[in-house]
Amino acid sequence: MAVTIGRDIAHAVAILQQGGLVAVPPETVYGLGADARSAGAVRRIYAAKGRPADHPVIVHLADAAQLADWAHEVTPLAKKLAAGFWPGPLTLILRRAATVGDFVTGGQDTVGLRVPAHPLAQALLKAFGSGIAAPSANRFGRVSTTTAEHVAQELGDRVDYVLDGGASDFGIESTIVDARGATPVLLRPGQVSVRDLEAATGAGVAAPRTDAPRVSGSLAAHYAPATPLLLLEGDLLLELAATLARQGKRSAVLAMDVRQPLLDGVTWIAAPADAAAYAHHLYANLRALDAAGCDAILVEKPPARAEWLAVNDRLLRAAAGARTGSAS
Ligand code: TXA
Ligand code: MG
């Protein structure tokens, strides 16, 4: 049975109250949402995604005033970051309040919290009045979804309702920052950049330590299409596409600077040269290239500059997922 897609907030709230699953449109990627206070509802998320139960999920809130219900201690750093970036694409890791279930935190003593900016997500959170637990709305380890149609394709009737907020604005997942201490620790790069974080807090941003809270998106193999994906410099990409064509194999290319060669069996997408636009289209492009049914996806390496950090992070993981042949 096909899942219903619509914009009915009251219907979505009723489903959440009954312990069902609603796909939520934030500004980053679609989330697979459930009542964050209900163990049964959150377990349905894990089942729908095929995700191991010890992975924590982010709790989405209507506003920063709800932080104290979920965090044991709202640090001065967390207050600064919330004031600077919420509503927006930033997730804060804080010590959890005693009432937050292990089913949300994966048994850790921390909880991930964020206030999304998308107007429909905001309307849903306000009407629901409590936290909505939501990981990205894709099967575990696969490419995230950025439109309601992609959610429906990816999860089918494993989700009860898809709240259609159109194509996600940013297109890649939120920046995750451990805000328990005095300086922000970057756990996952995103739209909110290291420079933004430093400007808002006046503190240097640290890289994660080995005992940092676990972030499933930081598993090497993640965000991976089913087709093997290789990340290459432009000249090598062209050579490989030609070699594959000579072998009668087909390649699907995400190019930036290189021009499309005259080769048989090549599916070609020219990606934008601007980092934000590239990110906006990234997951839809990977889905389209994956759907072309080629032997390999060849992605031209974007520049190594700071504004490309989040994009390069996701591409490296997609390539790692392809290398290990597993998506977990
Ligand atoms: O933009 C986003 O962040 C999207 C939308 C739906 O909000 N969500 C998202 O969820 O990307 P997910 O589950 O695919 O990735 C969330 C990451 C995971 O890697 C998870 O491990 C991490 O957040 N996370 C959640 N709670 C955590 C915690 N208590 N400690 C450490 N990491 C946590
Ligand atoms: Mg995810």
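Everything below is about the structure shown above.
All of the points below concern the structure found in this document. (Residues numbered from 1 in each chain as written. Chains lettered and ligands numbered in written order. Predicted model: local features only at pLDDT ≥ 70, side-chain atom pairs only at ≥ 80, totals over all residues. Heavy atoms only, no water.)

Below, the discussion takes up the nonpolar core. If you look at soluble globular proteins, the nonpolar side chains tend to sit buried side by side. If you look at the biggest cluster of nonpolar residues, it comprises 47 residues, and the most contacted ones within it are Leu81, Leu90, Val104, Leu113, Val159 and Leu197. Breaking this core down by element, the ones donating at least two residues are strand S3 (31-35), helix H2 (39-49), helix H3 (67-70), helix H4 (76-85), strand S5 (90-95), helix H5 (102-105), strand S6 (110-114) and helix H7 (148-155). Apart from the residues lying within four places of it in its own chain, the contact partners of Val104 are Ala36, Val42, Pro56, Val57, Val59 and Val111. With 27 residues, the next largest nonpolar core counts Ala275, Leu286, Ala310 and Ala318 among its residues. (Core = buried A, V, L, I, M, F, W, Y, C linked by side-chain atoms within 4.5 Å. Buried < 20%, exposed > 50% of the residue type's maximum accessible area, 1.4 Å probe, protein only. Helix = DSSP H or I, 4+ residues; strand = E, 2+ residues; numbered from the N terminus. Contact = heavy atoms within 4.5 Å.)

Bringing unusual backbone geometry into the picture now. In the segment running from Trp86 into Pro87, the intervening peptide bond is cis, with an omega of -10 degrees. You can see Pro87 is positioned in the loop between H4 and S5.

Now for the sheet that holds strand S11 (residues 229-232). What holds strands together in a sheet is hydrogen bonding between their backbones, with the strands either parallel or antiparallel. The strand order across the open sheet formed by 4 strands is S11-S14-S12-S13, and the pairing between neighbours is parallel. Single-partner strands in this sheet number two, and they are S11 and strand S13 (266-270). Mean inter-strand twist for the sheet, computed between neighbouring axes without regard to direction, equals 20 degrees. Sheet strands in contact with helix H9 (residues 234-246) are S11, strand S12 (251-255), S13 and strand S14 (296-300), and its direction is about 160 degrees off that of S14. Against the sheet, helix H10 (residues 275-291) engages S11, S12, S13 and S14, with an angle of about 170 degrees to S12. (Pairing = 2+ DSSP bridges. Axes fitted to C-alpha atoms, helices over the stretch in contact; angles between N-to-C directions.)

Note on placement: Glu27 falls in the loop between strand S2 (22-24) and S3. When sequence neighbours within four positions are dropped, the list of residues in contact with Glu27 reads Gly88, Pro89, Arg114, Pro116, Ala117, His118, Ser168, Asp169, Phe170 and Gly171.

Next up on the list: the environment of Leu244. By the element assignment, Leu244 lies in helix H9. Accessibility expressed as a relative area gives 11% for Leu244, which makes it buried. With 52 residues separating them along the chain, Leu244 and Ala296 place their C-alpha atoms 8.9 Å apart. What Leu244 contacts, discounting residues up to four positions off in sequence, is Lys249, Ser251, Ala296 and Leu298.

Interhelical geometry of H4 versus helix H8 (residues 194-201) gives an angle of 115 degrees and a closest axis separation of 9 Å. As H4 runs across H8, the sense of the crossing is right-handed. Mapping the contact onto sequence places Leu77, Lys80, Leu81 and Phe85 in H4 and Asp196, Leu197, Ala200 and Thr201 in H8. When the residues that make up the contact of H4 with H8 are grouped by side-chain class, the tally is 5 nonpolar, 1 polar and 2 charged. (Left-handed = near helix turned anticlockwise from the far one by under 90°. Nonpolar A, V, L, I, M, F, W, Y, C, P; charged D, E, K, R; others polar.)

Attention now goes to the pattern of salt bridges. Taken as a whole, this structure holds 11 salt bridges when the rule is applied. With a shortest N-O distance of 3.2 Å, Glu154 and Arg287 are connected by a salt bridge. Of this pair, Glu154 sits in helix H7 while Arg287 is found in helix H10, placing the two residues 133 residues apart along the sequence. As far as the burial class goes, Glu154 and Arg287 line up, both buried. Within the structure, one salt-bridge network assembled from shared partners comprises Glu173, Asp313, Arg314 and Arg317. (Salt bridge = Lys/Arg side-chain N within 4 Å of Asp/Glu carboxyl O.)

Let's shift gears to H10. Taking 1.5 Å per residue, 17 residues should reach 24 Å; H10 reaches 24 Å between its end C-alpha atoms and fits that length. Among the residues of H10, those classed as buried are Ala275, Tyr278, Ala279, Leu282, Tyr283, Asn285, Leu286, Arg287 and Leu289. Following H10 by one or two positions, Gly293 adopts a phi angle in the positive range, close to 65 degrees. (Expected span 1.5 Å × (residues − 1).)

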